[in-house]
Each structure stands twice: as C-alpha cells, then as structure tokens.
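An overview of the molecular structure
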Amino acid sequence: MPRRSGHKPINRRRAILSLGGVVLGAGIGQFATRALAESGKGANQTYPVAPEMPAGVQPTSVMLTAKARLRQLKPAPLPPNDIYDYADGDGPIVMRLKQGDWLEAKLVNEIQEHTTIHWHGIRLPVAMDGVPYLTQPPVLPGESFTYRFQPPDTGTFFFHPHCNTVEQLGHGLAGVLVVEGDETRPHDHDLVCAYRDWRIDEAGKFMPMMTTEGAAKAGTFGQHRTINDQEHPVFKVPAGGDIRIRFLNLDMARVLDLGVTGTEAWVIATDGNALPPIKLKSWRLGPAMRADLTLRAPATAGTRIQLVNYYAAQPIVMAELEAVGPVLQRPDFVPAPLKPSAIPEPQLEGAETFPLRLGASSVPADLPPDLVLPDGSVLRYADALCLTPNTFWAFNGQPWPSQSHEVLPPPLVTFQRGRTYVIELINQTPHIHPVHLHGHTFKVLSSSKGDIVPHFADTTIVAPKERVKIALVADNPGDWMIHCHIIEHQDTGMMGIFRVA
C-alpha cells in the first residue's frame, strides 16, 4: 500500500512495544493495569479497565479482520484496487444492533502495521475507545483485540482506526454501526449511504493520501466520489414507501451540503441524535458527521430521486433512489420524530466556560532524540506511525505532539465528573474545522455567525472566524481525545486530550 513520504513501517514487535512503554509513562496512572490483547503483549502496560459484561448476556459477536482486499472502485478495464477493509463485500461493513444489546467485536490485524478501532460517536467506557497508547495497546500485525461494550444510545455511528489514520482510513478502513430502536413509526426501507472520496488517479492507482499543501490548508481531496464504494449508485426502494436514509460522511476532508431532489425530505437526526423533523433544503456535513433523513418514495415505478451535494461549483448527484415494485398504500406522508436517547441535558446556569482556540501552530512539535533499541538498531520517532514530520495546527497554541513522547501531552483541561461545561470553539484560521469529542455527546448551543437549532452531536463544524458554543455533562471518566476530523489537520497537530476526573 502507498505510504506517506518519509514514513517507514515499524513492524518489529520489539520496536513498537518499546515505543509503547515510553509513551505510556505518565498521564493515566490512575487506571488499573490490564491488557485485552489476546496475545498478552503489553500486559505490563497501564491502561484503563473495561467493565465486565454481565453474566448470562449473549452479545452480538463479530470478527473484524483488517486486511488488504481487492475492490473494483473504478470500472473495468481499470484494475481493482488493493484497499483496506474489515470484511469482504462491495462496500463498508454495516453492523446492526438493537438498543440494549452488547457488542463483542474481535479485531484481527492482518495489515502490515499496528492498528486499533475507535467507535466514533458512541458513549462507551474509555478502555474501549480505541486510541493506541492512551486507552489500549496497539494491535500489532498478526495480533487481535476484543472490544466489548453496550452502546447506550440509538443512532447511526461508524468506526475507524486512530493512528496513521490518513493512510488506513484513506485506503478504506472503516465500517458502520447502526443501533436500532428509535423509531416511533417503522420505515419500509432503511438505507445506509456512506460517502467518501478516493485518492485515485486516471490510471486507477492510489495517489499520496497526505500532501503538505493540503495538510496546511483545507485538506487533500480525492477525485473518485463514491457512496458505499460505488460511483453514482442507484438504490432500489419500494414505490410509495417510507424511506429512512442514514447518510454518513466518511471522507477525510470533504465538506458536503446534502440535498434531495425529486421529492421532499426531512432531517430527523444528526450524528445519530434525534431532532424534531426539519424540512430539508440542504444540510452541511463535515468529515465524520451524519444525518438521518426520512422521505416518501415516488409512487410511480421507475421514478428516481437524487442525493445531491450542493457544496461545489455545480451541484453533484452522488446517488439515486429508484422506485420499484407494486406501490405501497400509505396514508399521506407526515414525518415521524425519533425517540431521543437518554443523553444528560447540560445545566447551563453557573456552568464554567472553557475557550478552545483553533489556530495554526506557532512552533513545531518537539520530538525527542532517536531511540536506540536493545539490539542496537535505531527507531526515529519521526518514523513512528502516530507522528507526522510536519506540524501545522494547534489547540490553544499547543500542537500534538507538544513535547517529548517520553510522556503523553498533558490534558488541555480537566473537567469534574458530573458537572456541566461550556466549550467555546474559536476558529482563528481561514479554514473549516469539524471538531470531534470522544466519549461524550454535546449540545451545540450557538454560533457567532447566526441562529442555529440547538441539537446534540459528537462533531460540529466551526467555520473560519466563527465562535461556536457547545455544552456537555462530563459524565464519562477518563482521558479522551478532542480533535479536528479533517484527518490531515488531526495528524499535523490539531488534537489534544481532555480529562474527566
């Protein structure tokens, strides 16, 4: 697989374990010692402890094997592409649970570098959050790790790696997790639409996933636009039926304005969280953001409606839905609201405000000297998978990594468990930043650029020179990541830790 210029794969077990032992020297010592890697490697590392699954519970079990697979992304006669994925098939894996179910997902690593799974948007225990060196040991090539948790909320979520993300996610390594149980009226069809670009040239070959120009600006964009890894797919839906569309922006840089032509549609959830139905004109989605739509399919078989991206010089049709079969007889369409999840409501009176400035890095991230391994070989920290040679971005003037990796960077802020906090996101740059918090669902309160509908989310866009206020109840203890989800921004400095103590 193509790699970033200057990156060398670290696949010697001793090298990575030595690095892991250095990185984890401080910052999370309050947690008990435990390693869930089936290999037992890293058993002396200090990581958070996962809660036990209750006795007698029968979880939904799945094997997720991360490996290279051939997939025909561009039409023949161009050759298929060697992508990364968790399962065979024509698109990203979609897993479905019922609310209250436990998930037991065994990650088996068959790629040539270490990896983990971050479960984006899920309020799960910190030990299951999937951040290597912070919440768990990296899963080395040939090894495995089992994630066990009970998602507390219904909705549309996804999962992906959290180290060397620009390469692993860029080559396809992502999946979708749907937690069912929020509908007040069932739909006739439930359609997952996972959008992403691919960095593929005219010959069908992968191009570099990261560029210096892209990382320092708005990101590096792909040229091959797909839904469920298909270019301009046509999905069959029941004529006259009620359709739910779960739209996920899994791209690393692309911002979308999602619209529908050919019928009326309503937004009923954002980032998996229920909204009072809002009639859709267009809905802006940065990387990692999701929107659930509800609509009535055309009553005439063969009629199509379009999913359109308006965030472009000219509208781009991303996919179509074609009505098929005998017409379903339904009453006049009225969008039905979803049942909300039990997310703690922020109590704003007396809440402390933490300003978080999104800016360019004024200083490069410090890197420690080269590490000499016991066998005499040299591991250069700049070659490590979780670091990049360039630093362009920072939170509050503090880029990641901000110091020698003998210790993890200190938290940007510590929140007291159970209290409400307001975070004011202040974008001091000329570029959009979709900011994501791990382990918590927050409420978007206000924007300096106009009125918004307050709503729950796990990722929110902050436009250039905009101030956005969000609020959360710090109810999930641990050390959590906060970062920009334009992956090149994340990987070049715009990432930090917030602690709930």
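Residues numbered from 1 in each chain as written. Predicted model: local features only at pLDDT ≥ 70, side-chain atom pairs only at ≥ 80, totals over all residues. Heavy atoms only, no water.

Next up on the list: the sheet that holds strand 16 (residues 283-285). In spatial order, the strands read 11-19-18-13-16; together these five strands make up an open sheet with mixed pairing. Looking along the sheet, the strands with just one partner apiece sit at the ends: strand 11 (234-238) and strand 16. Sheet twist, expressed as the mean angle between neighbouring strand axes with direction ignored, is 30°. Pairing of strand 13 (residues 256-261) with strand 18 (residues 304-309) involves four bridges; the strand directions are antiparallel. Within strand 18, the residue paired with G259 across the bridge is V308. (Pairing = 2+ DSSP bridges. Helix = DSSP H or I, 4+ residues; strand = E, 2+ residues; numbered from the N terminus. Axes fitted to C-alpha atoms, helices over the stretch in contact; angles between N-to-C directions.)

With that settled, the discussion passes to the confidence of the model for the protein chain. The predicted model of the protein chain has a mean per-residue pLDDT of 87, with 85% of residues at 70 or higher. Here residues 1-44 is modelled with pLDDT under 50, and outside its nearest four sequence neighbours on either side it reaches 125 contacts, counting other chains as well. (pLDDT = per-residue confidence, 0-100. Contact = heavy atoms within 4.5 Å.)

The subject of this paragraph is the sheet that holds strand 27 (residues 442-447). Sheet architecture is open: six strands sit in the order 23-20-25-30-27-28, paired in mixed fashion. The open sheet is flanked by strand 23 (393-395) and strand 28 (455-457), the only strands paired with a single partner. Each strand of the sheet is rotated relative to its neighbour by a mean of 30°, with strand direction disregarded. Relative to strand 25 (residues 420-427), strand 20 (residues 352-360) is paired through seven bridges, and the arrangement is parallel. Its bridge partner lying in strand 25, E352 is registered against Y421.

This part covers the pattern of salt bridges. Scanning the model with the defined rule gives 30 salt bridges in all. Across the pair D188 and R330 runs a salt bridge whose closest N-O atoms are separated by 2.7 Å. Placement of D188 in the loop between strand 8 (175-180) and strand 9 (189-198) and of R330 in the loop between strand 19 (316-324) and strand 20 is noted, with a sequence separation of 142 residues between them. Its relative accessible area of 29% is what places D188 among the partly exposed residues. (Salt bridge = Lys/Arg side-chain N within 4 Å of Asp/Glu carboxyl O. Buried < 20%, exposed > 50% of the residue type's maximum accessible area, 1.4 Å probe, protein only.)

What follows is about the pairing of strand 8. Among the six residues that make up strand 8, six are buried, leaving the element largely enclosed by the rest of the structure. Note: strand 3 (residues 94-98) against strand 8, five bridges, orientation parallel. Following the sheet pairing, R96 is matched in strand 8 by V178. Both strand 7 (residues 155-160) and strand 8 contribute to a ladder of five bridges, which runs antiparallel. Note that in strand 8 the partner of F157 across the bridge is L177.

Turning next to unusual backbone geometry. A cis amide bond, omega 20°, links A76 with the succeeding residue P77. With respect to the helices and strands, P77 occurs in the loop between strand 1 (60-71) and strand 2 (81-85). A positive phi is found at N228, a non-glycine position, where the angle reads about 55°. Within the secondary structure, N228 is located in the loop between strand 10 (224-227) and strand 11. With a relative accessible area of 14%, N228 lands in the buried category.

Before going further, it helps to examine the pairing of strand 20. Judged from the three bridges that link them, strand 20 and strand 23 form a sheet pairing that is antiparallel. Bridged to A360 within strand 23 is W393.

What follows deals with the environment of T184. Looking at the element boundaries, T184 is found in the loop between strand 8 and strand 9. A sequence separation of 152 residues divides T184 from A336, and the C-alpha atoms of the two residues are 6.6 Å apart. Apart from the residues lying within four places of it in its own chain, the contact partners of T184 are A336, P337, L338 and K339. Within the structure, T184 has its side chain in polar contact with the backbone oxygen of P337 (distance 2.6 Å). (Polar contact = N/O pair within 3.5 Å; in protein donor to acceptor, adjacent residues only side chain to side chain.)

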